[in-house]
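# Reading the structure
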There are 4 protein chains.
Amino acid sequence: MSESVMHIDLNADLGESFGAWRMGADSAVIASITSANVACGYHAGDPAVMRATVRLARDAGVAVGAHPGLPDLIGFGRREIRVSPQDVEDLVLYQIGALAAVAAAEGVRLQHVKAHGALYNMAVRDRSLADAIARAIKAFDPALIMFGLPGSEMIQAGQREGLTVAAEGFADRAYEPDGSLTPRSRPGSVIHDVDEVVHRAVRMASEGRVTATDGSDIPLRVDTLCTHGDTPGAPEMTRRLRQGLETARWWPRRSDGCSMHLTSCCGRWCSRRSCRISGSTREPPASWVP
Amino acid sequence: MSESVMHIDLNADLGESFGAWRMGADSAVIASITSANVACGYHAGDPAVMRATVRLARDAGVAVGAHPGLPDLIGFGRREIRVSPQDVEDLVLYQIGALAAVAAAEGVRLQHVKAHGALYNMAVRDRSLADAIARAIKAFDPALIMFGLPGSEMIQAGQREGLTVAAEGFADRAYEPDGSLTPRSRPGSVIHDVDEVVHRAVRMASEGRVTATDGSDIPLRVDTLCTHGDTPGAPEMTRRLRQGLETARWWPRRSDGCSMHLTSCCGRWCSRRSCRISGSTREPPASWVP
Amino acid sequence: MSESVMHIDLNADLGESFGAWRMGADSAVIASITSANVACGYHAGDPAVMRATVRLARDAGVAVGAHPGLPDLIGFGRREIRVSPQDVEDLVLYQIGALAAVAAAEGVRLQHVKAHGALYNMAVRDRSLADAIARAIKAFDPALIMFGLPGSEMIQAGQREGLTVAAEGFADRAYEPDGSLTPRSRPGSVIHDVDEVVHRAVRMASEGRVTATDGSDIPLRVDTLCTHGDTPGAPEMTRRLRQGLETARWWPRRSDGCSMHLTSCCGRWCSRRSCRISGSTREPPASWVP
Amino acid sequence: MSESVMHIDLNADLGESFGAWRMGADSAVIASITSANVACGYHAGDPAVMRATVRLARDAGVAVGAHPGLPDLIGFGRREIRVSPQDVEDLVLYQIGALAAVAAAEGVRLQHVKAHGALYNMAVRDRSLADAIARAIKAFDPALIMFGLPGSEMIQAGQREGLTVAAEGFADRAYEPDGSLTPRSRPGSVIHDVDEVVHRAVRMASEGRVTATDGSDIPLRVDTLCTHGDTPGAPEMTRRLRQGLETARWWPRRSDGCSMHLTSCCGRWCSRRSCRISGSTREPPASWVP
């Protein structure tokens, strides 16, 4: 099996509960994905939820990433706020650091950063905000992978800062001819038919193409596929998605290149910098390995 | 000058502004202190304030520590909240991580952690909460120094976890015969006479003793003296305190052992583990040194 | 059917969703209750949730009351915070006012106020906090009914301020011999057997007695029974509770004296659709009737 | 002195402290103004600050109005958030109600509502948001006066709902030729010369005109003048502004028509509906008059 073409990452937004409020079917979805985007307290998540989510991901061999959002609990980070690039750099940094600390206490090192909700959407088209996110990631740890929409300002910003970037596809979302996502307010923007979603996912993975809303076939090369964890049928959809990819001989694998099964790895947990087994030049801090 | 007896740390709470609200005379106080306790967003401080405060401290050669508090902006973290030890461990971890990330982006590594307000007071007498704070510190970075009231549960908790602890004295606060602080609600709990404050500080430093409210002389060995930064006369009080200590041949120095004058140091930034110049055995991560 | 003895109010906590997070089975529970305690934004609820909940209650002929809590979203208002009586008076006033405005926009006047969670528990035993709640209620509208635990400081505080009070029983909770609730941390504190719950409810209503944890029979005269809306079996439990009471010839009715069926209204005061009667001596403000 | 032409209201934003943080020179500014816009907890203010501010205004005979803002403490309500009209209606209602309750406890009835910061700016140009504010005001109390920028969507929305509106002028702000405010980001947008500010205020009051940034003279009829309370020279500027108006024989008076000097009034407090002395047709609720 060639590493360069036959692996793909499956990511989902996890840890979106808050205090007494539950959201998502994290423990059902976790079995099918390879990377978890964990909310960091600004739009969802709290320190206890963050710790439980990191532990869930770690025990499943799923990579953990920060999912920083705008400071808007009532709006779940989905409402655009006119923030400055400096605001964004600071609030992303704050949230990455908070999650990284909680993760470290559970023996986990962060794999990636994916902006959440309105922050993601704003950074897709606003270069200065995308650059701010990339700067925050680089300042914290230049080895973190930056997730973003292919062809967007985010991917370019990550590349400008010298970060590893992962282009993200949404198998259950409609695309415009220019490669942007069809806004959720538009009918047909979300695809509910599971077979159709699986078909599109396999095509994105194997052909790097997707059919846009006008019927045209557009290029969409992706490194990671996002599957939604907070809808009623999420666990089933995610399971089917993984199954469909495996049938097409696409093996889900974390963006940092670890196998899900960890057998040839460091044992209990795993991160890009530590699990290259013999060739590892940079070990995680002793305190991170229980 | 013998290093073991003639140095003492001067710490103050900084970065207590929030959004559009200013608090404290940080830029005036910074010249006199050696360690800054920086609010982390739960009771005060926001990502922008945190970054500005770290920068201010770094440029003055002042060590930066996390000052985590209870989640209570309206109450400024001064109202006790019945939190569980696990709550405390998680919220301290979250806040240390958030500040550490902001600090890293400014080339600064944290020196210490000092609990704020009601969290400090609760941990002074509640072993399970003190242990929770110590566990959070150790999980994040066992090299962080834990500040606490001498003889309290905090100091013992830090020692149980194998942390370096720093016993803290309050020169402008009255003490009970048992070594606890006289509650602020009691008259005379805060000493406003500058000469008296300086006198008490010098005695704490040089004799390890202080006069309690009943006139008795009690032992109080301290490694760091706290001076308040948010009162009207704070800058003057702090300046006089430092002057008084220097006159008594006590040289203020960061808890991590760096000199205030960075000339013989690593240059731009400084931390216990890096600035022992030639003898350094553990370098900071490459990403932290711009 | 004698009005004076054969009616009882059934209340439940509603409107505990927040932003994107759902909680409770409000639309299922509403059919069985007569009074709704609506969260006001400090521990749960937001302006949109509050409006939807008021509308749901209004359309079901269910009375609306304010359910003010401590400012603690993460802790859902269940963690005690050391607040002063003045703090409590102000935050209760604020929350009552906020809900009253939302309710007025939906043509509804508030019937009652019931403190939530830790605030309720603190006021049960702390006279100064109970008085603060009663003062806030009286200052806003002396016609509001104050709910509280029978025999507690709350009931006495309401009476001292000249308010109408409603003693509240919890059919699914165990009682100590002194009439206080068995703390939730103790095993057996919550009764899950539906038949047992119904039996206790009917006894509270008809005999004014309940069996305490030591087997003794204690007096417990109640005006309103609380049923929990946020547990999995809540709708079924509430339905059975109502059914059991009706079978015992206890007719559930709002604390303000309206019948559920609104035909024989309007007694003291009432809401838009019920009080159009002829004999009403106190009409709601003209502005409240669209 | 003719009532119809020689009176003008002077308003300022007050009560912008929050918890332990102080902002503004409220007690110095209060002597010169006639209407206070009081923050309601979403962008500034808390229940205790609100109560203290209402008391300060009441004792000075200054009218109290709600100053609702976007839910953004860190951004002080100055960052635009993409909220829906329904969101705005609900959050304005919530905040008006909260302040009205606190005010009622101090014997004060609200005079007006003025949106704050980004909410004000958004409603100036967005009809659906302006309508939402007007609907919230009307639903709560159709007698409340709606403040807004002359010629803007806000004034028209208020008129569509049948509200009394008050056109507001900013004597210390530059105007564009189309009557809009010059954005703060533009140099010269704020006028600091006190004489110039007073001159512009008197012209707005007496001639209904102001000189725009291109030197042209544009119409600007105003009912109330806003003076800023949170800048260093605010008390002096406000005092001079009032003095200048009085010299020009413009007598500052509340928008609800009360004189500042309450001697011929109802005594302790005053509101439009009650203080027309003999001719009063609608008395305030008995509970509001201590």
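Notes on the structure follow. These numbers come from a predicted model, not from an experiment. (Residues numbered from 1 in each chain as written. Chains lettered and ligands numbered in written order. Predicted model: local features only at pLDDT ≥ 70, side-chain atom pairs only at ≥ 80, totals over all residues. Heavy atoms only, no water.)

## Thoughts on the overall build of chain A
For clarity, the threshold we go by: Helix and strand definitions follow DSSP, with helices as H or I runs of at least four residues and strands as E runs of at least two, each counted in order from the N terminus. Summary of the burial criterion: residues with accessible area below 20% of their type's maximum are buried, those above 50% are exposed, and those between are partly exposed, where the area comes from a 1.4 Å probe applied to protein chains only.
Scanning chain A for helices and strands turns up eight helices and ten strands. Here chain A, with 290 residues, has 62% of them falling under the buried criterion.

## Description of the relation of the copies chain D and chain C
Condition: The fit set for superposing copies consists of C-alpha atoms from residues with pLDDT of at least 70 in both; the fit itself is least squares. In this description, contact between two residues means that some pair of their heavy atoms is separated by no more than 4.5 Å.
Least-squares fitting of chain D to chain C yields an RMSD of 0.0 Å, with the transformation described by 0.0 Å of translation along the axis and a rotation of 180°. This pairing of chains is accounted for by a two-fold axis. When the interface residues of chain D are mapped onto chain C, 100% of them again lie at the interface, so the same face is used by both copies.

## Description of the interface of chain D and chain C
For clarity, the cut-off: For any pair of parts, buried area is found by adding up, for both, the accessible area (1.4 Å probe) each one loses once the two are put together. What makes a salt bridge here is a side-chain nitrogen of Lys or Arg within 4 Å of a carboxyl oxygen of Asp or Glu, nothing more.
At the junction of the two partners, chain D supplies 22 residues and chain C supplies 22 residues. Interface area for chain D against chain C, summed over the two sides, is near 1,800 Å², with a carbon-plus-sulfur share of 62%. Considering only the side of chain D, the residues that lose the most area to chain C are Pro47, Arg51 and Tyr94 of chain D, jointly responsible for 33% of the buried surface there. At the boundary of chain D with chain C, the tally comes to four salt bridges. Between Glu89 of chain D and Arg51 of chain C there is a salt bridge; the shortest N-O distance is 3.2 Å. For the side of chain D that touches chain C, the elements supplying multiple residues, two or more each, are helix H2 (47-59), helix H3 (85-105) and helix H5 (127-140) of chain D. Among the elements that make up the side of chain D that touches chain C, the one with the highest residue count is H3 of chain D (eleven residues).

## Remarks on the packing of helix H3 (residues 85-105) of chain C against H2 of chain D
Note the following rule: The axes are straight lines fitted to the C-alpha atoms, using for helices just the contacting stretch, and the angles between their N-to-C directions are given from 0 to 180°. Each angle gets one of four labels, with under 35 degrees taken as roughly parallel, over 145 as roughly antiparallel, 65 to 115 as roughly perpendicular, and the rest as oblique. When residues are grouped by polarity, Ala, Val, Leu, Ile, Met, Phe, Trp, Tyr, Cys and Pro land in nonpolar, Asp, Glu, Lys and Arg in charged, and all others, Gly among them, in polar.
The interhelical angle for the contact between H3 of chain C and H2 of chain D, taken along N-to-C directions, is 85°, at an axis separation of 8 Å. Considering their axes alone, H3 of chain C and H2 of chain D lie roughly perpendicular with respect to each other. Contacts between H3 of chain C and H2 of chain D involve Gln86, Glu89, Asp90, Leu91, Leu93 and Tyr94 of chain C on the former and, on the latter, Pro47, Ala48, Met50 and Arg51 of chain D. Residue composition of the contact of H3 of chain C with H2 of chain D, by class: six nonpolar, one polar and three charged.

## Some thoughts on the side chain of Glu16 of chain B
Applied cut-off: When charges are counted, Lys and Arg contribute as positive and Asp and Glu as negative, whereas His and the chain ends are disregarded.
By secondary structure assignment, the location of Glu16 of chain B is in the loop between strand E1 (7-14) and helix H1 (26-29). For Glu16 of chain B, which is buried and forms no salt bridge, the nearest opposite charge comes from Arg78 of chain B, at a distance of 5.6 Å. When near neighbours in sequence (up to four residues on either side) are disregarded, Glu16 of chain B contacts Met23, Ala39, His43, Ala44, Gly45, His67, Phe76, His116 and Asp230 of chain B together with Trp21 of chain D.

## Structural notes on the relation of the copies chain B and chain A
For the pair chain B and chain A, the best superposition has an RMSD of 0.0 Å and corresponds to a rotation of 180° with a translation of 0.0 Å parallel to the axis. The share of interface residues of chain B whose copies in chain A are also at the interface is 91%, consistent with both copies meeting through the same surface.

## Considerations on the state of the cysteines
Residue and element names in this part refer to chain C. Cut-off, in case you're wondering: To count as a disulfide, a pair of cysteine sulfur atoms needs to be within 2.5 Å.
Taken as a whole and assessed by the stated rule, the structure comprises zero disulfides over all chains. Note on Cys40: no disulfide assigned, nearest cysteine sulfur contributed by Cys226 at a separation of 15 Å. For Cys40, a relative accessible area of 0% corresponds to the buried category. For Cys226, a relative accessible area of 2% gives the class buried.

## Here's the deal with the environment of Ser27 of chain B
All names here are of chain B. Checked against the element boundaries, Ser27 lands in helix H1. Overall, the relative accessible area of 58% leaves Ser27 in the exposed class. The spacing of Ser27 and Leu56 is 29 residues in sequence and 7.3 Å in space, taken between C-alpha atoms.

## A look at the packing of helix H5 (residues 127-140) of chain C against helix H6 (residues 153-160) of chain C
All names here are of chain C. To keep it simple, the criterion reads: By convention the crossing between two helices is left-handed if the near helix lies anticlockwise of the far one by an angle smaller than a right angle, and right-handed if it lies clockwise.
Relative to each other, H5 and H6 sit at 45°, their axes nearing to 8 Å. Comparing their axes, H6 and H5 come out oblique. In this structure, H5 meets H6 at a crossing whose hand is right-handed. Between H5 and H6, the contacting residues are Arg127, Ala130, Asp131 and Ala134 on the first element and Glu153, Met154, Ala157, Gly158 and Arg160 on the second. Looking at the contact of H5 with H6 residue by residue, the classes come out as four nonpolar, one polar and four charged.

## Some words on the packing of aromatic side chains
Quick note on the threshold: Any two rings among Phe, Tyr and Trp, with Trp reduced to its six-membered ring, count as a pair given centres within 6.5 Å; such a pair is stacked if its planes are under 30 degrees apart, edge-to-face if over 60, and tilted if neither. Charge-over-ring contacts are defined here by two conditions on Lys NZ or Arg CZ: a distance within 6 Å of the ring centre and an angle within 35 degrees of the ring normal.
Scanning the entire structure with this criterion turns up 24 aromatic pairs over all chains. Centre to centre, the rings of Phe18 of chain A and Trp21 of chain A are 6.2 Å apart; their planes meet at 10°, and the pair counts as stacked. By the burial criterion, Phe18 of chain A is buried, and Trp21 of chain A matches it. An aromatic cluster is built from Phe18, Trp21 and Phe76 of chain A together with Phe18, Trp21 and Phe76 of chain C, whose rings are joined through pairwise contacts. Cation over ring: Arg242 of chain D sits above Trp251 of chain D, and NZ or CZ is 5.9 Å from the ring centre.

## Regarding the pattern of salt bridges
The tally for this structure, following the rule as stated, stands at 99 salt bridges over all chains. In this structure, the salt-bridge partner of Asp90 of chain B is Arg51 of chain A, at a minimum N-O distance of 2.6 Å. With Asp90 of chain B in helix H3 (residues 85-105) and Arg51 of chain A in helix H2 (residues 47-59), this pair bridges two chains. The exposure class of Asp90 of chain B is buried, given its relative accessible area of 4%. Residue class for Arg51 of chain A comes out buried when judged on its relative accessible area of 7%. In this structure, Arg58 of chain B and Asp59 of chain B form a salt bridge, with 3.0 Å as the shortest nitrogen-oxygen distance. Among the residues examined, Asp59 of chain B registers a relative accessible area of 58% and is labelled exposed.

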